[in-house]
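Read off the chains here:
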Amino acid sequence: MSGPAISPDSQEISSPGSSISHAWRALRHRNFKLFFFGQSISVIGNWMTRLATTWLVYHLTHSALLLGIVSFAGQIVSFALGPFAGVWVERLHRRNLLVGTQAAAAIQSLAMAALTLAHVITLWEIIALTALQGVINAFDMPARQSFLVQMVDDRNDLSNAIAINSSMANGARLIGPAIAGLVVAAFGEGGCFLIDGLSYFAVIASLLLMRIKPQGIQRSKANMFEQIREGWDYVSGFRPIRTILLLFSLISLMGYSWSVLLPIFAAQVLHGGVTTLGWLMGAAGIGALVSAISLAFRKSVVGLTRMLQVASGMLGVALILFGLSHTLWLSIVLMVFVGFGMLQAASASNTIIQSLVPEDKRARAMSYYTMAFFGSAPFGSLFAGALADRIGASHTVMVTGTFCIAGSLWFTFELPKVNAVIRPIYRKMGLLPARDIDGMPDVQEPAL
C-alpha cells in the first residue's frame, strides 16, 4: 500500500515567520496558485447561491419539508452517479473535464438567474435545476479532489494543498452569505444567481492557464463495471478508509442537515430575516475557516484520526446546544463551533484518505468520499425537513446532534484497529520513526 509522502511531523520550524510560510507552502506551485485564486472567486458565488436558494424556497413555500426536498433533489443525483463518475474521471483528462463541469455549472446558475429575475421561477424549476447541479457535482468533486495531485508538483505539499483548499472554501463561506444577504435585500435572489454564474469564468480561466504534466498512470483495460467493483472492494476491504467513510457518512447524514433548517431558525426561532440567516451562515463559516487554517499549519497527516474523533463529538454537542438556544448572540457563537466541527471532520477524512490511497484508485476512492457526502446528506435533509414539520427545527437539530456524538463514540472504539493498520503505512512513508531490531520504535511515536 502506498500513498503520497507527506512531510514528517517532526520537522523543525525555526521561527514564527517560517511557520507561516510552511502553512501556505502549496501556493509556491504555479498551477495550484492559479486554481486557488480562480476558485476563491467562484466559491464566493457558490455560497451566495446556496443562501439565495434556501431563502427563495422558504419565501415561496414557508415549508421545512420542501426545503429538505430541494436539497435532496440535488444531492441524491450525485449519490446515484458517484461510482460511475469515479471511473469516468480516471479515464478522462481531468483538467478538460473540470473546464466542462465549470461551464455547465455557469449555465445552470445563469438559467436560475434569468428565471428568478423575470419573476417566473417555480418550485419545480428550482428542483429541476438543483438536480442538474447534482449531475455536475457528481463528476466535478472527484475530478477536483484527484486533480489536486497534478496541481502540486511536490507530494509533500499535498496535505497542505487540501488544507488551503478548505481554507479558501470556508473563507468564501464567510464572505458569500454576508454579500448574499445584501444582494438579496437590494436586488432579490436572482442577483446572487447572476453573480455566481459569472464567477465560474474565473475558474475556467485559471484551469486554461495551467501547465499540466501528463500523468504516467497505466489505464485499466477492465470495463466500467469491473472497475466499479474493484473500487468498491478496495474501499470496503481496507479498514481505515472503510471506517472513516462510515463515520463521515453518518456526519453527512445527521451533522449537515442543520443548514437546511437555518431559514426556519432565522425566521421562527430567532424572529429575524435574511440578514439573520446571513449572520448564522457567516458564523458557521468563521468556525470552518478557523478549522481550515489550523489544518494548514499542521506539518503532516499524523494525528488527524484523533482529530476526526474530537471534531465529530464537538459537532454533536454544538448542535444540541444550538437547538436549545433562542438567543441570537448565543446561536451565532454555537454556529462557530458547528462550522469548526463540520469542516474539521470533512477535511480530516479527505486528507487521511488522500494520504493512504494508491494513485490508480484515487478518483474512485474520492468518488466514494463524494458519495458519503452527497449520498448521506440528501437523506439527512429529507429526514430533517420531515422531522422538523412534526417536532420543530430546534428538537430536530438536537436529535441529529445526538447521532453525531454516537458516531464519535463508535469511532473511539474503532480507532485502535484503524491505527494498527495505518501505523506501518505511515512508517513506510517516513511519517513515523522506524522500529529498531526489537520491533519497538527507537523514539516516542506521536499519536495517530
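Residues numbered from 1 in each chain as written. Predicted model: local features only at pLDDT ≥ 70, side-chain atom pairs only at ≥ 80, totals over all residues. Heavy atoms only, no water.

1. A short note on the overall build of the protein
Part 1 of the reasoning: Along the backbone of the protein there are 15 helices and zero strands.
Part 2 of the reasoning: Counting only residues that meet the buried cut, the protein has 58% of its 448 residues in that class.
Part 3 of the reasoning: Considering only residue pairs separated by 6 or more positions, the protein has 86% of its internal contacts joining residues 24 or more positions apart.
Part 4 of the reasoning: Total accessible area on the protein stands at roughly 17,700 Å², and carbon and sulfur atoms take up 67% of it. (Helix = DSSP H or I, 4+ residues; strand = E, 2+ residues; numbered from the N terminus. Buried < 20%, exposed > 50% of the residue type's maximum accessible area, 1.4 Å probe, protein only. Contact = heavy atoms within 4.5 Å. Areas by Shrake-Rupley, 256 points an atom, 1.4 Å probe, with all protein chains shown as cover.)

2. With respect to unusual backbone geometry
Part 1 of the reasoning: Positive phi, normally seen in glycine, also occurs at His-119, with a value near 60°.
Part 2 of the reasoning: Tracing the sequence through the fold places His-119 in the loop between helix 4 (94-117) and helix 5 (123-151).
Part 3 of the reasoning: Its relative accessible area of 72% is what places His-119 among the exposed residues.
Part 4 of the reasoning: The phi angle at His-271 is positive, at roughly 55°, despite the residue not being glycine.
Part 5 of the reasoning: Relative to the assigned elements, His-271 resides in the loop between helix 10 (258-269) and helix 11 (274-296).

3. Description of the packing of aromatic side chains
Part 1 of the reasoning: Considering all chains together, one arrives at eight aromatic pairs under this definition.
Part 2 of the reasoning: When the ring of Phe-248 is compared with that of Tyr-369, the centres are 4.8 Å apart and the planes differ by 5°; the resulting orientation is stacked. Residue Phe-248 is found in helix 9 (residues 239-255), and its partner Tyr-369 is found in helix 14 (residues 362-391); the two are separated by 121 residues along the sequence.
Part 3 of the reasoning: The class of Tyr-369 is buried, set by a relative accessible area of 6%. (Phe/Tyr/Trp six-rings, centres within 6.5 Å; stacked < 30°, edge-to-face > 60°.)

4. Concerning the pattern of salt bridges
Part 1 of the reasoning: Following the criterion strictly, the structure yields three salt bridges and no others.
Part 2 of the reasoning: Across the pair Asp-140 and Arg-144 runs a salt bridge whose closest N-O atoms are separated by 2.6 Å. One end of the pair is Asp-140 and the other is Arg-144, both in helix 5 and four residues apart, which spans about a single turn.
Part 3 of the reasoning: Relative accessible area serves as the criterion here: at 4%, Asp-140 is assigned to the buried category.
Part 4 of the reasoning: A salt bridge links Arg-239 to Glu-414, with the nearest nitrogen and oxygen atoms 3.2 Å apart. Linking Arg-239 in helix 9 with Glu-414 in helix 15 (residues 393-428), this pair joins segments that are 175 residues apart in sequence.
Part 5 of the reasoning: Using a relative accessible area of 27% as the deciding quantity, one classes Arg-239 as partly exposed.
Part 6 of the reasoning: Counted as one network, the salt bridges with shared partners bring together Arg-239, Glu-414 and Lys-417. (Salt bridge = Lys/Arg side-chain N within 4 Å of Asp/Glu carboxyl O.)

5. As for a nonpolar patch on the surface
Part 1 of the reasoning: Taken together, the side chains of Leu-110, Leu-117, Leu-194, Leu-198 and Phe-201 present a nonpolar region at the surface, about 430 Å² in accessible area.
Part 2 of the reasoning: Where the nonpolar patch is concerned, the elements lending two or more residues are helix 4 and helix 7 (189-209).
Part 3 of the reasoning: Broken down by element, the nonpolar patch gets its largest block of residues, three residues, from helix 7.
Part 4 of the reasoning: Within the element layout of this structure, Leu-198 appears in helix 7. (Patch = residues over 30% accessible without salt bridge, like charges linked within 9 Å, V, L, I, M, F, W, Y side chains within 5 Å.)

6. Describing the nonpolar core
Part 1 of the reasoning: Phe-32, Trp-258, Met-335 and Tyr-426 are the most contacted members of the largest nonpolar core, which totals 128 residues.
Part 2 of the reasoning: The biggest single contributor to this core is helix 2 (residues 30-61), with twelve residues. (Core = buried A, V, L, I, M, F, W, Y, C linked by side-chain atoms within 4.5 Å.)

7. Topic: the confidence of the model for the protein
Part 1 of the reasoning: Mean pLDDT over the protein stands at 82; residues scoring 70 or higher make up 87%.
Part 2 of the reasoning: The least confident element of the protein, judged by mean pLDDT, is helix 1 (residues 16-23) at 56; the most confident is helix 12 (residues 304-324) at 94.
Part 3 of the reasoning: Low pLDDT, under 50, characterises residues 1-16; the stretch is placed with 48 contacts to residues that sit more than four places away or in other chains.
Part 4 of the reasoning: Predicted confidence is poor over residues 436-443, with pLDDT under 50, and the contacts of this stretch with residues over four places away or in other chains come to six contacts. (pLDDT = per-residue confidence, 0-100.)

8. Considerations on the environment of Asp-154
Part 1 of the reasoning: Examined against the element boundaries, Asp-154 turns out to sit in the loop between helix 5 and helix 6 (158-187).
Part 2 of the reasoning: Each C-alpha atom, one on Asp-154 and one on Ala-26, is 8.6 Å from the other, the two residues being 128 residues apart in sequence.

9. Things to note about the packing of helix 3 (residues 64-91) against helix 10
Part 1 of the reasoning: Contact geometry for helix 3 and helix 10: axes closest at 9 Å, N-to-C directions at 150°. Considering their axes alone, helix 3 and helix 10 lie roughly antiparallel with respect to each other. Helix 10 is crossed by helix 3, and the crossing has right-handed handedness. Residues Ala-64, Leu-67, Gly-68 and Ser-71 of helix 3 pack against Val-260, Leu-261, Pro-263 and Ile-264 of helix 10.
Part 2 of the reasoning: Residues belonging to the contact of helix 3 with helix 10 are distributed by class as follows: six nonpolar, two polar and no charged. (Axes fitted to C-alpha atoms, helices over the stretch in contact; angles between N-to-C directions. Parallel < 35°, antiparallel > 145°, perpendicular 65-115°, else oblique. Left-handed = near helix turned anticlockwise from the far one by under 90°. Nonpolar A, V, L, I, M, F, W, Y, C, P; charged D, E, K, R; others polar.)

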